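Listed below are the residues making up each chain.
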Amino acid sequence: MAWVRVWPKWQRLLHAGLALTMVAALGTYEGGRLHELAGYAVLALVLLRLALGFGGPMPARFTAFVRAPLVTWDYARALWQRREARHLNHNPLGAWMVVVLLSLGAGAAVTGALYLTDRFWGEAWLIAAHALLAWPLCLLIPLHLAGVIHASRRHRENLVGAMWWHGCKLDESWDSALSCPVGRRDQPSAHE
Amino acid sequence: MNRRIQGLLAAMTISVCTSVSATGLATCDSGPKSGWQPIEKLEKQLTERGWAVRRVKQDGGCYEVYAIDDKGQRVEAYFHPVTLAPVPTRPR
């Protein structure tokens, strides 16, 4: 059993960037220069994540952690019955949350950017689409946080520390440590 | 799940999302709608000034205009519905 670096530094930086820019964009929802800059930043970061999700190294690829709907449904049922498996990478529900958050972020950013063009300035349907895509994030981001906290408590590991700081998780199948700077207090007790 | 964390997350959602009511940049003391000039009159005035008016809506008792002005700039401007005078907007 050893620490495995599941999330490399670029992925952790992208995640932090997306979290901060999305919250900044939502917080400045009335508009203005900061809102627009935050939106452009969200778009750039989402595009980067998509590029790496389709063509990057394996743990970051969407095919590595996004599961079919039926498999996800089975996971959800197991979660409800408190007997779900612990996943090294994003769990099936978390994986779909990633897909939804990236999609809504991209959709809101694209509609917002289009609205600022001469061709589409003032179009009521476009600004309505922009709002419709952005506001669900107010519910989904707290839900995402709740999911992370719940999984951390269930499997007794610090997932927030893993994604924001060191990117490492304990795994049985590895024999050698991969220089993960994780202290003893982060070691979870025996897996259930 | 820990009730305190649930409560905190609920509070976060609510505080971020419920200040949606007042999003306008100006308000007008404009009286009953019967005293308002028609939108078409405002549009005509602005078009004569060289503006390309994209959309006029009501916001905070004023007319809110989305247009491209005579200098080619995208503008979001407010006008008083009775006098059709421009209304200064609060900074965002």
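Residues numbered from 1 in each chain as written. Chains lettered and ligands numbered in written order. Predicted model: local features only at pLDDT ≥ 70, side-chain atom pairs only at ≥ 80, totals over all residues. Heavy atoms only, no water.

## Re the packing of aromatic side chains
So, step 1. Here the structure, examined in full by the defined rule, presents nine aromatic pairs over all chains.
So, step 2. Residues B:Trp36 and B:Tyr63 carry aromatic rings whose centres are separated by 5.6 Å and whose planes lie at 90° to one another, so their mutual orientation is edge-to-face. Here B:Trp36, found in the loop between α1 (3–17) and α2 (39–48), pairs with B:Tyr63, found in strand β2 (residues 62–68); they are 27 residues apart in sequence, far enough to count as distant. Per residue, the accessibility class of B:Trp36 equals that of B:Tyr63, and both read buried.
So, step 3. Three or more aromatic residues link up through ring pairs in this structure, and these residues are A:Phe54, A:Phe62 and A:Phe65.
So, step 4. Seen from the ring of B:Trp36, B:Lys33 lies directly overhead, with NZ or CZ sitting 5.4 Å from the centre. (Phe/Tyr/Trp six-rings, centres within 6.5 Å; stacked < 30°, edge-to-face > 60°. Helix = DSSP H or I, 4+ residues; strand = E, 2+ residues; numbered from the N terminus. Buried < 20%, exposed > 50% of the residue type's maximum accessible area, 1.4 Å probe, protein only. Lys NZ or Arg CZ within 6 Å of the ring centre and 35° of its normal.)

## Some points on the nonpolar core
So, step 1. Membership of the largest hydrophobic core comes to 14 residues, with the highest contact counts inside it found for A:Leu18, A:Val42, A:Val46, A:Phe62, A:Phe65, A:Val98 and A:Leu102.
So, step 2. With five residues, helix α5 (residues 92–115) of chain A is the largest single contributor of residues to this core.
So, step 3. Sequence-distant contacts of A:Val98, defined by excluding residues within four places in its chain, comprise A:Phe62, A:Phe65 and A:His90.
So, step 4. B:Leu46, B:Val65, B:Val75 and B:Leu84 belong to the second-largest nonpolar core, a separate cluster that totals 12 residues. (Core = buried A, V, L, I, M, F, W, Y, C linked by side-chain atoms within 4.5 Å. Contact = heavy atoms within 4.5 Å.)

## Comments concerning the packing of helix α2 (residues 33–55) of chain A against α5(A)
All names here are of chain A.
So, step 1. Here α2 crosses α5 at 135°, and the two axes come no closer than 9 Å. In terms of axis orientation, α2 runs oblique to α5. In the crossing of α2 with α5, the sense of the turn from one axis to the other is left-handed. For the pair α2 and α5, the contacting residues are Gly39, Tyr40, Val42, Leu43, Val46 and Arg49 in the first and Leu102, Gly105, Ala106, Ala109, Val110 and Ala113 in the second.
So, step 2. When its residues are assigned to classes, the contact of α2 with α5 shows nine nonpolar, two polar and one charged. (Axes fitted to C-alpha atoms, helices over the stretch in contact; angles between N-to-C directions. Parallel < 35°, antiparallel > 145°, perpendicular 65-115°, else oblique. Left-handed = near helix turned anticlockwise from the far one by under 90°. Nonpolar A, V, L, I, M, F, W, Y, C, P; charged D, E, K, R; others polar.)

## Regarding the environment of A:Leu126
All names here are of chain A.
So, step 1. Within the secondary structure, Leu126 is located in helix α6 (residues 124–134).
So, step 2. For Leu126, a relative accessible area of 2% translates into the label buried.
So, step 3. In this structure the C-alpha to C-alpha distance between Leu126 and Thr111, which are 15 residues apart in sequence, comes to 6.4 Å.
So, step 4. For Leu126, the residues in contact, after removing those within four places along its chain, are Thr111, Leu114, Tyr115 and Phe120.

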